[in-house]
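Chains, contacts and geometry: an overview
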Amino acid sequence: MAPQFTPRVFSGIQPSGGLTLGNYLGALKRFVEMQDSGMETIYCLVDLHAITDKWQEPERLRQQTREAAAAFMAAGIDPVRSILFNQSQVSAHAELAWIFNCVARLGWMNRMTQFKDKAGKNAENASLGLYAYPSLMAADILSYHATHVPVGEDQKQHLELTRDIAAKFNHDYGIEFFPMTEPVIEGVATRVMSLRDGTKKMSKSDPSDQSRINLSDDADTIAQKIRKARTDAEPLPEAMEGLKDRPEARNLVTIYAALAGTTPEAVLAEFAGQGFGSFKPRLADLAAATVGPITAEMTRLMADPAEIDRILGRGADRADAIARPILQKTYDIVGMIRSR
Ligand code: TYM
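A short tour of the structure in this document, coming up. (Residues numbered from 1 in each chain as written. Predicted model: local features only at pLDDT ≥ 70, side-chain atom pairs only at ≥ 80, totals over all residues. Heavy atoms only, no water.)

1. Let's talk about the environment of Ala 269
Within the fold, Ala 269 resides in helix 11 (residues 264-271). For the pair formed by Ala 269 and Ala 219, sequence separation is 50 residues and the distance between their alpha carbons is 26 Å. (Helix = DSSP H or I, 4+ residues; strand = E, 2+ residues; numbered from the N terminus.)

Here it is in C-alpha cells:
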C-alpha cells in the first residue's frame, strides 16, 4: 500500500532581484495564508537557482537574499511558525539534485519552456545549471517530502516535472519513497502581467523598471508607474467577457481584485462604464496601501542584517534536520555506502 505523506508546504523564490507585486500576489501572499492556516510551511530563498541565469555580483546577491528574507517577514511570514532559510545552507538540495540529474531524461528537460525563454536564441551559451534548474527545483521540494507547493502559473511545468522525477525514481527503485506533490496554483493573480505589455508576465528580470511594481517602490513611484501603465481608450466593461482582447485592461482589473481581496467580476461591477482616468488613481491608492507597510517593515528589518543572517541560519538548521534523513535514505535506496 502507498505510504501516507503528512501535509507539508514548500515553496521558494529566487533572490535574483527585488521582489515584485507579481511575486507578492502570486506567491508570497499565498505563503502567508498557508502558514496562517496552520499547515507546516517551509520557505526558501533559492540562491543556488539565482546564479543559473546571469552572473550575480556576490555582495549584491547576499544583499538581495537578505532583502528577500526581509520581504517575506514583512509580508507576514513568521520565522518561528514557518521555516525560512536560504537554499545553499542546506546541502541536501544540491546533493539530491545530483541524483535527480541521473533520473530526469534529456527529452524532459528539452521541453521546459522556461529554459527556452531564458536561454533565448543563444542556448549554446546558457549555463549547464540553467538547463538542470528544474531538477534542483524538484530536489528542493522532495528533500522535504513536501505535498503542497504554492506557486504562480509560470511554475506549473516545473511542478509536473517534479512529479515525473518522483514517479520515475519510485518506479526504478521499486519503492513509494517520494510523494506526488500537488501544485497549488490558486487565487485571482496567478499570472500578473507587465505594466508595459499585457502579454508578458511581470518579472524582476525585465530590463524596464516601468514594467513592474517592486515591493521596495514608494507611493509616488507606484502612482507614477500605474499612471503610465499601458491601457486602451475604452471604458471598463460590465463583464469579464468584454476584457477578452484587452490584456492590459484585464491585468489592471485582476491586480485590483487581488489587492482588494475580491473577484475581477466584483471590480467590474463597481467600475463598469468608467475610464482609466478614474480607475488608475484608485488602483494606485490600493497598491500603495498594500505595498507601503511592507516596504516600511523591510527597511526596518534591513537595518539589522546580522539578525536576518541569524534567522536564516536557524531556519537552515531546522530545514536540515528534516532533509538530512530523507537524503540519507535516498542514498541508501540508490545503493551508496554510508559508513561514516
Ligand atoms: P521566481 O523567483 O521566478 O518567482 C517566485 C514565485 O512568484 C511567482 N511569480 C508570479 N506569480 C504571478 N504573477 C507573476 N508575474 C509572477 N512572477 C513570479 C512564481 O510563480 C513563483 O511561485 N523556480 C522558482 C523558484 C523555485 C521554487 C522551488 C518554487 C525554486 N525551487 C521549489 C517552488 C518550489 C522561480 O524561479 O520562481
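2. A closer look at the packing of helix 10 (residues 247-260) against helix 11
One way to put it is that helix 10 packs onto helix 11 with a least axis distance of 8 Å and a crossing angle of 105 degrees. In terms of axis orientation, helix 10 runs roughly perpendicular to helix 11. Residues Val 253, Tyr 256 and Ala 257 of helix 10 form the contact with helix 11, whose participating residues are Pro 264, Val 267, Leu 268 and Phe 271. A per-class count over the contact of helix 10 with helix 11 returns seven nonpolar, no polar and no charged. (Axes fitted to C-alpha atoms, helices over the stretch in contact; angles between N-to-C directions. Parallel < 35°, antiparallel > 145°, perpendicular 65-115°, else oblique. Contact = heavy atoms within 4.5 Å. Nonpolar A, V, L, I, M, F, W, Y, C, P; charged D, E, K, R; others polar.)

3. Details of the packing of aromatic side chains
In total, this model carries 14 aromatic pairs according to the counting rule given. On the basis of an interplanar angle of 10 degrees and a centroid distance of 4.6 Å, the ring pair of Phe 31 and Tyr 43 is categorised as stacked. Of this pair, Phe 31 sits in helix 1 (residues 21-36) while Tyr 43 sits in strand 2 (residues 40-45), and the two are twelve residues apart along the sequence. Considered together, Phe 31 and Tyr 43 belong to a single accessibility category, that of buried residues. Between Tyr 256 and Phe 279, the ring centres sit 5.3 Å apart and the planes meet at 35 degrees, which makes this aromatic pair tilted. In this pair, Tyr 256 sits in helix 10 while Phe 279 sits in helix 12 (residues 276-302), placing the two residues 23 residues apart along the sequence. Across the pair, exposure class does not vary: Tyr 256 and Phe 279 are buried alike. (Phe/Tyr/Trp six-rings, centres within 6.5 Å; stacked < 30°, edge-to-face > 60°. Buried < 20%, exposed > 50% of the residue type's maximum accessible area, 1.4 Å probe, protein only.)

4. Quick notes on the environment of Glu 153
Within the fold, Glu 153 resides in the loop between strand 4 (148-150) and helix 8 (156-173). Residues Glu 153 and Leu 268, spaced 115 residues apart in sequence, show a C-alpha to C-alpha distance of 23 Å. In this structure Glu 153 touches Ile 185, Thr 190 and Arg 191, once residues within four positions along its chain are discounted.

5. So, the nonpolar core
If you look at the biggest cluster of nonpolar residues, it comprises 59 residues, and the most contacted ones within it are Leu 21, Leu 25, Leu 28, Phe 72, Leu 215 and Phe 279. Of all the elements, helix 12 adds the most residues to this core, at ten residues. Each of domain 1 (8-184 + 304-334) and domain 2 (209-299) accounts for three or more of the residues forming this core. Leaving out residues up to four positions away in the same chain, Phe 72 has contacts with Ile 13, Leu 19, Leu 28, Phe 31, Tyr 43, Leu 45, Ile 77 and Leu 84. (Core = buried A, V, L, I, M, F, W, Y, C linked by side-chain atoms within 4.5 Å. Domains from an automatic or database assignment.)

6. Observations concerning the site of the ligand
As a structural note, the neighbourhood of the ligand is formed by 26 residues, with Tyr 133, Asp 140, Asp 154, Val 192 and Lys 204 the closest of them. Gln 14 places a side-chain nitrogen or oxygen 2.8 Å from an oxygen atom of the ligand. At a separation of 3.3 Å, a nitrogen atom of the ligand approaches a polar backbone atom of Gly 22. Considered on its own, the ligand offers 700 Å² of accessible surface; in the complex 97% of this is hidden by protein. Among the secondary structure elements, those contributing two or more residues to the shell around the ligand are strand 1 (8-13), helix 1 and helix 7 (128-142). Split into classes, the residues belonging to the shell around the ligand amount to twelve nonpolar, ten polar and four charged. (Near = heavy atom within 4 Å. Polar contact = N/O pair within 3.5 Å; in protein donor to acceptor, adjacent residues only side chain to side chain. Areas by Shrake-Rupley, 256 points an atom, 1.4 Å probe, with all protein chains shown as cover.)

7. Observations regarding unusual backbone geometry
Of note, the phi angle at His 145 is positive, near 50 degrees, even though the residue is not glycine. Assignment of secondary structure puts His 145 in the loop between helix 7 and strand 4.

8. Re the environment of Ser 11
Topologically, Ser 11 is positioned in strand 1. The buried category is assigned to Ser 11, whose relative accessible area is 2%. What Ser 11 contacts, discounting residues up to four positions off in sequence, is Phe 31, Ile 42, Tyr 43, Cys 44, Val 149, Pro 150 and Val 151. A polar contact is formed between the side chain of Ser 11 and the backbone oxygen of Pro 150, at a distance of 2.7 Å.

9. Considering the pattern of salt bridges
Opposite charge on two side chains makes pairing possible when the charged atoms of those side chains draw close. Tallied over the full model, the rule gives 24 salt bridges. Across the salt bridge formed by Asp 209 and Lys 225, the nearest N and O atoms sit 3.1 Å from each other. Taken together, the residues span a long stretch of sequence, with Asp 209 in the loop between strand 5 (182-184) and helix 9 (219-228) and Lys 225 in helix 9 at a distance of 16 residues. On the basis of relative accessible area, Asp 209 is assigned to the partly exposed category, the value being 35%. Exposure remark for Lys 225: the relative accessible area of 1% places this residue in the buried category. (Salt bridge = Lys/Arg side-chain N within 4 Å of Asp/Glu carboxyl O.)

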